[in-house]
Amino acid sequence: MAPWWGTRNNVSPRLREEVEAMRATFGSTFRLNVPKFDPLFWEGVVEINMRGIPQRGHTVKIMYPHEYPNRPPEAYILDPRIYSEKHQFEDGQLCLFNPKDGTNYGWNPSRSTVVTIAGWAIQWMYAYYTWRVTGEWPGIEERVSKGNGA
């Protein structure tokens, strides 16, 4: 069975749309990589324009899972190495949305694209640096009350 994106000689309409959307939104910031055996991924350097951060250019990698679009792409910051105990998995994958929020606010296989994930990853970086300075993660966070066993 061919992967969701088709083959090198017969690319799926979904991937064609994703490439067009990424170029329209981010220009040449991200480049699609098509490894021979591994999943497809986008990689690019995003400039974060905040005072006091040690490095403005951040290399971002967004990998398509084999189950795409039923499972969202995974976003990672490769350089500089960032690890946050908030909103990041142990392997470095950024936690970009809460699956409990459903398809209206989280990943929606029928209308979300890699552009969605790239935008969320950029927002994550700004939130991360804001949190490092203020101690508060901006935006709505899931609150777990102490009475619920957490």
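Worth saying up front: this structure is predicted, and the values here are computed from it rather than measured.

(A) Quick look at the overall build of the chain. Each helix and strand counted, the chain has three helices and four strands in total. The order of helices and strands in the chain, counted from the N terminus, is α-β-β-β-β-α-α. Seen along its three principal axes, the alpha-carbon backbone of the chain occupies a region of about 50 × 40 × 25 Å. Across the chain, every contact between residues at least 6 apart in sequence was considered, and the portion connecting residues at least 24 apart equals 47%. Carbon and sulfur atoms make up 50% of the accessible area of the chain, which totals about 9700 Å². In the chain, which carries 17 positive and 16 negative side-chain charges, the distance between the mean positions of the two groups comes to 3 Å.

(B) Here's a closer look at the nonpolar core. Counting residues in each nonpolar core, the largest one holds 36 residues, and the members touching the most others are Met-22, Phe-30, Trp-42, Ile-62, Tyr-64 and Trp-124. Looking at which element gives the most residues to this core, the answer is helix H3 (residues 114-134), with twelve residues. What Trp-42 contacts, discounting residues up to four positions off in sequence, is Glu-18, Val-19, Met-22, Phe-30, Arg-31, Leu-32, Asn-33, Val-60, Lys-61, Ile-62, Tyr-64 and Val-114.

(C) Fine view of the packing of helix H1 (residues 13-26) against H3. The N-to-C vectors of H1 and H3 enclose an angle of 35°; their axes lie 9 Å apart at closest approach. Between H1 and H3, the contacting residues are Glu-18, Ala-21, Met-22, Thr-25 and Phe-26 on the first element and Val-114, Val-115, Ala-118, Gly-119 and Ile-122 on the second.

(D) Highlighting the packing of aromatic side chains. For the structure shown, the criterion picks out eleven aromatic pairs. Centroid distance Tyr-64 to Tyr-68: 4.8 Å. Interplanar angle 75°. Geometry classified as edge-to-face. The burial state of Tyr-64 is the same as that of Tyr-68; both residues are buried. Centroid distance Tyr-128 to Tyr-129: 5.0 Å. Interplanar angle 75°. Geometry classified as edge-to-face. Tyr-129 carries the same exposure label as Tyr-128, and that label is buried. The rings of Trp-124, Tyr-128, Tyr-129, Trp-131 and Trp-137 are connected pair by pair, giving a single aromatic cluster. It is Lys-61 that lies over the ring of Phe-41; its NZ or CZ is 4.4 Å from the centre.

(E) Representation of the environment of Phe-97 in the model. Of note, Phe-97 is situated in the loop between strand S4 (74-79) and helix H2 (102-105). On a C-alpha basis, the gap between Phe-97 and Phe-30 in space is 22 Å, while along the polypeptide they are 67 residues apart.

(F) Focus on the side chain of Thr-59. By the secondary structure assignment, Thr-59 is in strand S3 (residues 57-63). Contacts of Thr-59, omitting those with residues within four sequence positions, involve Glu-43, Gly-44, Val-45, Tyr-76, Ile-77, Leu-78 and Asp-79.

(G) Just the pattern of salt bridges, in detail. Taken as a whole and judged by the stated rule, the model has three salt bridges. Salt-bridge contacts for Arg-71 lead to Glu-67; the nearest nitrogen and oxygen are separated by 2.7 Å. Connected through salt bridges with shared partners, the residues Glu-67, Arg-71 and Glu-74 form a single ionic network.

(H) Focus on the sheet that holds strand S1 (residues 30-33). On the basis of which strands lie adjacent, the open sheet formed by four strands has the order S1-S2-S3-S4 and antiparallel pairing. The open sheet is flanked by S1 and S4, the only strands paired with a single partner. The sheet shows a mean angle of 25° between the axes of neighbouring strands, direction not considered. Looking at chain direction, S3 and S4 are connected through five bridges and run antiparallel. Of the residues in S4, the one forming a bridge with Lys-61 is Tyr-76. Relative to S1, H1 is tilted by about 160°, and along the sheet it contacts S1 and strand S2 (41-47). Docked against the sheet, H3 engages S1, S2, S3 and S4, running at close to 140° with respect to S3.

Reading guide: rules and limits
Residues numbered from 1 in each chain as written. Predicted model: local features only at pLDDT ≥ 70, side-chain atom pairs only at ≥ 80, totals over all residues. Heavy atoms only, no water. Helix = DSSP H or I, 4+ residues; strand = E, 2+ residues; numbered from the N terminus. Contact = heavy atoms within 4.5 Å. Areas by Shrake-Rupley, 256 points an atom, 1.4 Å probe, with all protein chains shown as cover. Lys, Arg positive; Asp, Glu negative; His and termini not counted. Charge placed at Lys NZ, Arg CZ, Asp CG, Glu CD. Core = buried A, V, L, I, M, F, W, Y, C linked by side-chain atoms within 4.5 Å. Buried < 20%, exposed > 50% of the residue type's maximum accessible area, 1.4 Å probe, protein only. Axes fitted to C-alpha atoms, helices over the stretch in contact; angles between N-to-C directions. Phe/Tyr/Trp six-rings, centres within 6.5 Å; stacked < 30°, edge-to-face > 60°. Lys NZ or Arg CZ within 6 Å of the ring centre and 35° of its normal. Salt bridge = Lys/Arg side-chain N within 4 Å of Asp/Glu carboxyl O. Pairing = 2+ DSSP bridges.

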